Amino acid sequence: MTNQEQRLQSRNIQPTAMRIRILNFMVENKSATGLSDLEEKFTHADRTTLYRTLKTFLEHGLAHQIN
């Protein structure tokens, strides 16, 4: 089990391939990441999937929102 999988499971988030990839991107980026950043990086992914992943991360305290 990878570090990112453990991190997701510790927050009660089912680790899927896309969630792991997005979390890796966010950790490596080390700066604020928004939906548009994810859309640029993951051009093959559906926008709804990216949005729902961010929302899940927020709801489970894995990420926080900056207004």
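Above this text is the structure in question.
Figured I'd write up the structure that's included with this text. (Residues numbered from 1 in each chain as written. Predicted model: local features only at pLDDT ≥ 70, side-chain atom pairs only at ≥ 80, totals over all residues. Heavy atoms only, no water.)

### Side note on unusual backbone geometry
Inference 1: Located in the positive-phi region is asparagine 12, a residue other than glycine, with phi close to 60°.
Inference 2: Note on placement: asparagine 12 falls in the loop between helix H1 (3-10) and helix H2 (17-29).
Inference 3: Of note in the backbone geometry, lysine 30 takes a positive phi value of approximately 55° without being a glycine.
Inference 4: Note that lysine 30 resides in the loop between H2 and helix H3 (35-41).
Inference 5: You can call lysine 30 exposed: its relative accessible area is 74%. (Helix = DSSP H or I, 4+ residues; strand = E, 2+ residues; numbered from the N terminus. Buried < 20%, exposed > 50% of the residue type's maximum accessible area, 1.4 Å probe, protein only.)

### With respect to H2
Inference 1: In this model H2 runs 18 Å from its N-terminal to its C-terminal C-alpha over 13 residues, within 8% of the 18 Å that 1.5 Å per residue would give.
Inference 2: Taken together, the buried positions of H2 are occupied by Met18, Ile20, Ile22, Leu23, Phe25 and Met26.
Inference 3: Looking at the buried positions of H2, the neighbouring elements they touch are H1, H3 and helix H4 (47-59).
Inference 4: Looking at the residues trailing H2, positive phi occurs at lysine 30, about 55°. (Expected span 1.5 Å × (residues − 1). Contact = heavy atoms within 4.5 Å.)

### Quick look at the side chain of threonine 33
Inference 1: By secondary structure assignment, the location of threonine 33 is in the loop between H2 and H3.
Inference 2: Here asparagine 29 takes part through its side chain, which lies 3.2 Å from a polar atom of the side chain of threonine 33.
Inference 3: At 3.2 Å, the side chain of threonine 33 forms a polar contact with the backbone oxygen of serine 31.
Inference 4: Setting aside anything within four residues of it in sequence, one finds threonine 33 in contact with Phe25, Met26 and Leu38. (Polar contact = N/O pair within 3.5 Å; in protein donor to acceptor, adjacent residues only side chain to side chain.)

### Things to note about H4
Inference 1: Look at H4: 18 Å from first C-alpha to last across 13 residues, which is about the 18 Å you get at 1.5 Å a residue.
Inference 2: Contacts from the buried residues of H4 go to H1, H2 and H3.
Inference 3: For H4, the N-terminal cap is aspartate 46; the gap from its side-chain oxygen to the backbone nitrogen of threonine 48 is 3.2 Å.
Inference 4: Directly after H4, the chain includes glycine 61, whose backbone phi takes a positive value near 75°.

### What about the environment of leucine 62?
Inference 1: Checked against the element boundaries, leucine 62 lands in the segment after H4.
Inference 2: Sequence separation between leucine 62 and isoleucine 13 is 49 residues; the distance between their C-alpha atoms is 9.3 Å.
Inference 3: Beyond its immediate stretch of four places on either side in the chain, leucine 62 contacts Arg7, Leu8, Arg11, Ile13, Leu23 and Phe57.

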